[in-house]
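# Geometric and topological summary
This is what each chain is made of:
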Amino acid sequence: MITVTGVRKNYGDFKALDNVTLDIPSGSLTALLGPSGSGKSTLLRSIAGLEHPDGGAITIGGNDVTGVPPQKRGIGFVFQHYAAFKHMTVRDNIAFGLKIRRRPKNEIADRVDDLLRIVGLDGFQRRYPSQLSGGQRQRMALARALAVDPKVLLLDEPFGALDAKVRADLREWLRRLHDEVHVTTVLVTHDQEEALDVADRIAVMNKGRIEQVGSPDDLYERPANEFVMSFLGPVATINGTMVRPHDLHLDRLYHPGAIEAVVDRIVRLGFEVRVELVPVNGDPRLSAQITRGDADDLNLVRGEGIYVRATHVPGGAPIPVTNGV
Ligand SMILES: Nc1ncnc2c1ncn2[C@@H]1O[C@H](COP(=O)(O)OP(=O)(O)OP(=O)(O)O)[C@@H](O)[C@H]1O
């Protein structure tokens, strides 16, 4: 368990961390999610001991580490741009931390073999970092961080520099890796999809503060405020209430709670269809996300009027669909 209690960090007048309190359960994969500049990296670096908070306390596994240097905190750290030793093979890069700890040779060999398998780099051990893809290099970085059996793994946008497809593959891989090694992991990301996909707990940060902590479902379904609601996914506002675009229902018949809107645009995105609507009462335009089947049944035509209502309001009572598609 990591506890962060009342941690503050100022840069001049600027509050990078404004009285942050957060518990990170043992064995969890917790994401620190927030926009650029919200303080995620500062918090992660404070846990690592690379940053010195102006106030507050941090414990790791029950020990107060506030004054403890990074190398004595039992952490592994992986950055977005990982600095591998270029002149060393993959094997030697992974073995590095064990060698400087003077572990016996056979123990190092066994551990490195194990890690090569865990991170899926079997067969790459004699390559040099320059002969790896970006994704393979980050997996090597993770293996190196894991080699010394850290109590905590801290990842600062580890897949940030990679393209979308590789990122998605590595997220899935990280999830499986975590299921196998169970090391308490804290992942910094500004990508809500990444956080929802990979983490079992998410702390949403904004302006140096924690807005909400919870499971992906908690945050998505029961956001504590507008910031969390809009940061976690697309939002449409209907009758003054924020809802998810897939919770909007289109109907040719009026039902209580519905508003009338004009179909302005129909965008087919594979299985989904996005319908952009202009409410006739002058409310801001909104986007509904419906299935292709529903769109076909409705036979929507641009410029026609349709009724829109929310079937589910986050944190509130769902409005049942009783009729129509
Ligand atoms: N050494 C520093 N000196 C001055 N200001 C800093 C320093 N380090 C960070 N900051 C400021 O503190 C704020 C928080 O930075 P931090 O890197 O923690 O944000 P972040 O949420 O990780 O953002 P990003 O996703 O862009 O990395 C930013 O506004 C940043 O400019």
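We now turn to the structure provided with this report. Computed from a predicted model, the values in this text were never measured in an experiment.

The next subject is the sheet that holds strand 5 (residues 63–64). Reading across from one edge, 2-1-4-5 is the order of the 4 strands in this open sheet, with antiparallel pairing throughout. Two strands bound the open sheet, and with one partner strand each, they are strand 2 (14–24) and strand 5. Its contacts with the sheet put helix 1 (residues 40–48) on strand 1 (2–11), strand 2 and strand 4 (55–60), and the angle it makes with strand 2 is roughly 60°.

Moving on: the site of the ligand. If you check the shell around the ligand, you find Tyr11, Phe14, Ala16, Pro35, Ser36, Gly37, Ser38, Gly39, Lys40, Ser41 and Thr42 and nothing else. Measuring from a nitrogen atom of the ligand, one finds a side-chain N or O atom of Tyr11 at 3.4 Å. Gly39 places a main-chain nitrogen or oxygen 3.0 Å from an oxygen atom of the ligand. For the ligand, whose accessible area on its own is 630 Å², the fraction buried by protein is 57%. Residue assignment for the shell around the ligand shows that the elements contributing at least two residues are strand 2 and helix 1. Here the element with the most residues in the shell around the ligand is helix 1; it accounts for 3 residues.

A word on the packing of aromatic side chains. Counted according to the given criterion, the structure contains 4 aromatic pairs. Look at Phe77 and Phe79: their rings are 4.4 Å apart centre to centre, the planes differ by 35°, and that puts the pair in the tilted class. A relative accessible area of 15% places Phe77 in the buried class. When its relative accessible area of 32% is taken as the criterion, Phe79 is described as partly exposed. Measuring from centroid to centroid gives 5.7 Å for Phe227 and Phe231, while their planes differ by 10°, and the two rings are stacked. With Phe227 and Phe231 both in helix 8 (residues 226–231) and 4 residues apart, this pair spans about one turn of that helix. Classification of Phe227 as partly exposed rests on a relative accessible area of 22%.

Calculation criteria
Residues numbered from 1 in each chain as written. Predicted model: local features only at pLDDT ≥ 70, side-chain atom pairs only at ≥ 80, totals over all residues. Heavy atoms only, no water. Pairing = 2+ DSSP bridges. Helix = DSSP H or I, 4+ residues; strand = E, 2+ residues; numbered from the N terminus. Contact = heavy atoms within 4.5 Å. Axes fitted to C-alpha atoms, helices over the stretch in contact; angles between N-to-C directions. Near = heavy atom within 4 Å. Polar contact = N/O pair within 3.5 Å; in protein donor to acceptor, adjacent residues only side chain to side chain. Areas by Shrake-Rupley, 256 points an atom, 1.4 Å probe, with all protein chains shown as cover. Phe/Tyr/Trp six-rings, centres within 6.5 Å; stacked < 30°, edge-to-face > 60°. Buried < 20%, exposed > 50% of the residue type's maximum accessible area, 1.4 Å probe, protein only.

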